[in-house]
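Observations on the three-dimensional arrangement
Given next are the chains, with one letter for each unit.
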Amino acid sequence: MSSSHQSVIEEFRANAGKVGGPYEGSELILLGTTGADSPEPHTVPLGVLAEKGEDGQLFVVASAPGADGHPAWYRNLLARPLVQVETGTDRYEAVAVPVEGPRRDELLNGQPGAGEAIAVVALHRSHEPVTDEPGLAGRLLNIHGWLRAELALVRQLAAEEEARGGPVASLGLQLRQHCLAFCHSLESHHHGENGGLFPLLEEKAPQMREFIDRMLVEHEVIARLEAELAAALDAPGEGFSERVDRMSRELEAHLDGEEEELLPVLRALGV
């Protein structure tokens, strides 16, 4: 990260999003991405376009004047679409989706360099928490709620793409980005359970050993489905909706079963 970016980030966070100098009066956000080739976090200050999406999402422009190709943060979000957004008064997760076609041209109208190969990215705010219950029980319910909602959106987008008879630029990118965000989040969640939650349960609630063994087997099954789903994004086409439907059936049964047996234990333990 450049020293100028770091100073802007520090000033932004110290002054609830207000920054002076050349950025004074501009609407800025901080965008946090995960490295495309490593798990390293990266943060960059960005100006947002005045226009907002129908559901209030923000739009940012990806340009790298004088450089060959898009900026690093854009390449990051193509590989890892789930990003962190700081507005100065709010912090939230979002799924980053590049905007293409006429909508991109409309958003870039009047912008310097609009005729060049620059990208516009829509930041779709993540789903709202399903509960304010404290502790690991509440955390589990909110993660499960996010996964359910994101997979439902992937199903919807896959059905719309299939109904149109093939990929449409904007729809295809939405499907890709939301599907990747779902797959990466599911993988991270199960990794956290395998390496963190389940060992804790073995120590605090040894009677859950059989349950843990069953969940580990289910995690392996779902991991194979997730890998197949992510690989199929290279050519979604015919059969993709069936893959999404199978993942939905397997995951819903897994989440329902896990909540039924695990939530009472977590609440009783008070962790």
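Observations concerning the pattern of salt bridges
According to the stated counting rule, one finds 16 salt bridges in the structure shown. A salt bridge links Asp-245 to Arg-155; the shortest N-O distance between them is 3.3 Å. Here Arg-155 lies in helix 4 (residues 135-163) and Asp-245 lies in helix 7 (residues 240-269), a separation of 90 residues in the sequence. Judged by relative accessible area, which is 28%, Asp-245 ranks as partly exposed. Residue classification places Arg-155 among the partly exposed residues on the basis of a relative accessible area of 42%.

A word on the environment of Phe-59
Along the chain, Phe-59 turns up in strand 3 (residues 58-62). The exposure class of Phe-59 is buried, given its relative accessible area of 3%. C-alpha of Phe-59 to C-alpha of Val-99: the two residues are 40 residues apart in sequence and 8.9 Å apart in space. Once residues lying within four places of it in the same chain are set aside, the contact partners of Phe-59 are Gly-47, Val-48, Leu-49, Glu-51, Lys-52, Gly-53, Val-99, Arg-103, Leu-107, Val-120, Val-121 and Ala-122.

Some words on the packing of aromatic side chains
All told, the structure shown has 2 aromatic pairs when counted by the stated rule. Aromatic side chains Trp-73 and Tyr-74 sit 6.4 Å apart centroid to centroid with 85° between the ring planes, which places their arrangement in the edge-to-face category. Tyr-74 carries the same exposure label as Trp-73, and that label is buried. With a centroid separation of 6.5 Å and an interplanar angle of 80°, the aromatic rings of Phe-198 and Phe-211 are classed as edge-to-face. With Phe-198 in helix 5 (residues 169-204) and Phe-211 in helix 6 (residues 209-232), the pair connects residues that are 13 residues apart, well separated along the chain.

Procedures and definitions
- Residues numbered from 1 in each chain as written.
- Predicted model: local features only at pLDDT ≥ 70, side-chain atom pairs only at ≥ 80, totals over all residues.
- Heavy atoms only, no water.
- Salt bridge = Lys/Arg side-chain N within 4 Å of Asp/Glu carboxyl O.
- Helix = DSSP H or I, 4+ residues; strand = E, 2+ residues; numbered from the N terminus.
- Buried < 20%, exposed > 50% of the residue type's maximum accessible area, 1.4 Å probe, protein only.
- Contact = heavy atoms within 4.5 Å.
- Phe/Tyr/Trp six-rings, centres within 6.5 Å; stacked < 30°, edge-to-face > 60°.

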